[in-house]
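These are the residues of each chain, in order.
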Number of protein chains: 2
Amino acid sequence: MFSKSCEYGIRATIFIASLCYNDTKVGIKEIAQEIDSPMAFTAKILQVLVKNDIIKSSKGVRGGFMVLKEDLKRITLSQIVVAIDGDSVFLRCGLGLSNCSEDHPCPVHEKFKFVKQDLAFMLENTTLEEVSIGIKKGTTFLKY
Amino acid sequence: MFSKSCEYGIRATIFIASLCYNDTKVGIKEIAQEIDSPMAFTAKILQVLVKNDIIKSSKGVRGGFMVLKEDLKRITLSQIVVAIDGDSVFLRCGLGLSNCSEDHPCPVHEKFKFVKQDLAFMLENTTLEEVSIGIKKGTTFLKY
DNA sequence: TTAATAAAAGACATAAATGTCTTTTATTGA
DNA sequence: TCAATAAAAGACATTTATGTCTTTTATTAA
């Protein structure tokens, strides 16, 4: 479904978000531990999320990553996915045709349309707040 | 969604199936042309489909690939996908957790469940007959 | 039975994704 | 101001997916 980068990116963002109620910044080492991901690789991905205004970062002593409380309702899974993997999950033809469309459909065009729409709708309507609450409460998990 | 291999595999199978009404065998060269795919690579993929009893092949003069007419209703997109990409599209956790389950869910477990179920249902209930008819009629396309 | 044909098999090549390491830049607190 | 800290940036390494080429095997028809 998504690339590894995207999976790590979503998991990291959810973890960071789960800490934002106390305005806690968190470092890359702890993030990688908590989501069981390769640290240096995850750091690269977080750079992309910072550039896309999804998470915040600050350098130096007492620096780290955080999510703004006021962004919890604004940020959706869709924004994270698009920032890392692009929009191909929603838009790309299921059979890889470059110009598949209503006028020039592949044999599964109509069937995939609904599946892709459902996925897009779900991602666009799932906020960071919604998915981070379970981590805070301990009812959902980010590793293993 | 699917690997390139899987996309080529589905497209090739649909094309071969669209010719089965006259019991026509078709060679790899023509297949690759008709679905705009790399020939040698596509040949490899067809080997997998033959081993999985999805298409038939015969060597030598007047040999080639074909789909049995009686298989048109039996073969589903799901079988092709599983043969080439495995079942990870339906079963893998959306965030890549190795043991994500109802008891130990990732934060998007419930949301992804429905999307993956819809995809699985669609693939399992779409037959080769259904998707190859448009190619025969010229209303759907396998390249560009 | 032999020559031509076409898929199967296996070795090899290239590109993309994933992952690591080192150096640089920014920030903080002593 | 300086030392410590932590993210940013960039070069590099490894693995996986994608793609190519050559040799082998099976089949057919002359």
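Predicted model, so just to flag it, every value in this text is computed and none were measured. (Residues numbered from 1 in each chain as written. Chains lettered and ligands numbered in written order. Predicted model: local features only at pLDDT ≥ 70, side-chain atom pairs only at ≥ 80, totals over all residues. Heavy atoms only, no water.)

1. Let's talk about the pattern of salt bridges
So, step 1. Summed over the entire model, instances satisfying the criterion amount to 18 salt bridges over all chains.
So, step 2. Asp 23 of chain B is the partner of Lys 69 of chain B in a salt bridge, and the nearest nitrogen-oxygen pair spans 3.1 Å. Of this pair, Lys 69 of chain B sits in the loop between strand 2 (64-66) and helix 4 (77-85) while Asp 23 of chain B sits in the loop between helix 1 (4-18) and helix 2 (28-35); the two residues are 46 residues apart in sequence, bridging distant segments of the chain.
So, step 3. Residue classification places Lys 69 of chain B among the partly exposed positions, given a relative accessible area of 39%.
So, step 4. Of the charged contacts, one joins Arg 74 of chain B and Asp 71 of chain B as a salt bridge, the two residues approaching to 3.0 Å between their closest N and O atoms.
So, step 5. On the basis of relative accessibility, which here comes to 7%, the residue Asp 71 of chain B falls in the buried class.
So, step 6. One salt-bridge network, held together by shared partners, links Asp 53, Lys 56, Asp 71 and Arg 74 of chain A. (Salt bridge = Lys/Arg side-chain N within 4 Å of Asp/Glu carboxyl O. Helix = DSSP H or I, 4+ residues; strand = E, 2+ residues; numbered from the N terminus. Buried < 20%, exposed > 50% of the residue type's maximum accessible area, 1.4 Å probe, protein only.)

2. Digging into the relation of the copies chain A and chain B
So, step 1. At an RMSD of 0.0 Å, chain A and chain B line up after a rotation of 180 degrees and a shift of 0.0 Å along the axis. The transformation just described matches what one would write down for a two-fold rotation axis. Across chain A, the smallest distance between a C-alpha and the rotation axis is recorded for Met 1 of chain A, namely 2.6 Å.
So, step 2. Of the residues that chain A buries at the interface, 100% are likewise interface residues in chain B, meaning the two copies contact each other through the same surface. (Least-squares fit on C-alpha atoms with pLDDT ≥ 70 in both. Contact = heavy atoms within 4.5 Å.)

3. As for the protein's contact with DNA strand C
So, step 1. Residues in contact with DNA strand C amount to 26 residues; listed here are only the nearest, Pro 38 of chain A together with Gly 27, Lys 44, Ser 57 and Gly 60 of chain B.
So, step 2. Among atoms of DNA strand C positioned within 4 Å of the protein, sugar and phosphate together represent 63%.
So, step 3. Lys 59 of chain A has a polar side-chain atom sitting 3.4 Å from a sugar or linking oxygen of DNA strand C.
So, step 4. Mapped by element, the contributors of at least two residues to the surface near DNA strand C are helix 1 (4-18) and helix 3 (39-51) of chain A together with helix 3 (39-51), strand 1 (56-58) and strand 2 of chain B. (Near = heavy atom within 4 Å. Polar contact = N/O pair within 3.5 Å; in protein donor to acceptor, adjacent residues only side chain to side chain.)

4. Considerations on the nonpolar core
When a protein is soluble and globular, its nonpolar side chains tend to lie buried together.
All names here are of chain B.
So, step 1. Core analysis: the biggest nonpolar cluster contains 42 residues, and Ile 10, Ile 31, Leu 123 and Leu 128 have the highest contact counts within it.
So, step 2. With 7 residues, the single largest contributor to this core is helix 1.
So, step 3. Setting aside residues up to four positions removed in sequence, Leu 128 forms contacts with Thr 13, Ile 14, Ala 17, Val 67, Leu 72, Ile 75 and Ile 80. (Core = buried A, V, L, I, M, F, W, Y, C linked by side-chain atoms within 4.5 Å.)

5. Re helix 1 of chain B
So, step 1. Taking 1.5 Å per residue as the helical rise, helix 1 of chain B with its 15 residues ought to reach 21 Å, and the 21 Å between its terminal C-alpha atoms agrees with that figure.
So, step 2. Of all 15 residues making up helix 1 of chain B, 14 are buried, and the element is well covered by its neighbours. (Expected span 1.5 Å × (residues − 1).)

6. Describing the interface of chain A and chain B
So, step 1. Across the boundary between the two partners, chain A contributes 42 residues, which contact 42 residues of chain B.
So, step 2. Around 3,300 Å² of area is buried between chain A and chain B when both sides are counted, 67% of it from carbon and sulfur atoms.
So, step 3. Joining chain A to chain B, the criterion identifies 4 salt bridges.
So, step 4. Among the secondary structure elements, those contributing two or more residues to the side of chain A that touches chain B are helix 1, helix 6 (109-124) and helix 7 (128-137) of chain A.
So, step 5. Per-element accounting of the side of chain A that touches chain B gives the leading share, 8 residues, to helix 6 of chain A.
So, step 6. The residue inventory of the side of chain A that touches chain B, partitioned by class, reads 23 nonpolar, 9 polar and 10 charged. (Buried area = accessible area lost by both parts, 1.4 Å probe. Nonpolar A, V, L, I, M, F, W, Y, C, P; charged D, E, K, R; others polar.)

7. Points about unusual backbone geometry
Residue and element names in this part refer to chain A.
So, step 1. Unlike most non-glycine residues, Arg 62 shows phi in positive territory, near 60 degrees.
So, step 2. Looking at the secondary structure, you find Arg 62 in the loop between strand 1 (56-58) and strand 2 (64-66).
So, step 3. Note on Arg 62: relative accessible area 76%, which makes it exposed.

8. Points about the packing of aromatic side chains
So, step 1. In the structure shown here, the tally under the stated rule is 4 aromatic pairs over all chains.
So, step 2. Ring centres 5.8 Å apart and planes at 85 degrees place the aromatic pair Phe 2 of chain A and Phe 112 of chain B in the edge-to-face group. Here the residue Phe 2 of chain A occupies a position in the segment before helix 1, and Phe 112 of chain B occupies one in helix 6 (residues 109-124), the pair thus bridging two chains. Residues Phe 2 of chain A and Phe 112 of chain B agree in their burial class; the two are buried.
So, step 3. Centre to centre, the rings of Tyr 8 of chain B and Phe 41 of chain B are 6.0 Å apart; their planes meet at 90 degrees, and the pair counts as edge-to-face. Within this pair, whereas Tyr 8 of chain B is found in helix 1, its partner Phe 41 of chain B is found in helix 3, the two being separated by 33 residues in sequence.
So, step 4. In this structure Tyr 8 of chain B comes out as buried when scored by relative accessible area, which is 11%.
So, step 5. When the ring centre of Tyr 21 of chain A is taken as origin, the NZ or CZ atom of Lys 136 of chain A, which lies over that ring, is 4.4 Å away. (Phe/Tyr/Trp six-rings, centres within 6.5 Å; stacked < 30°, edge-to-face > 60°. Lys NZ or Arg CZ within 6 Å of the ring centre and 35° of its normal.)

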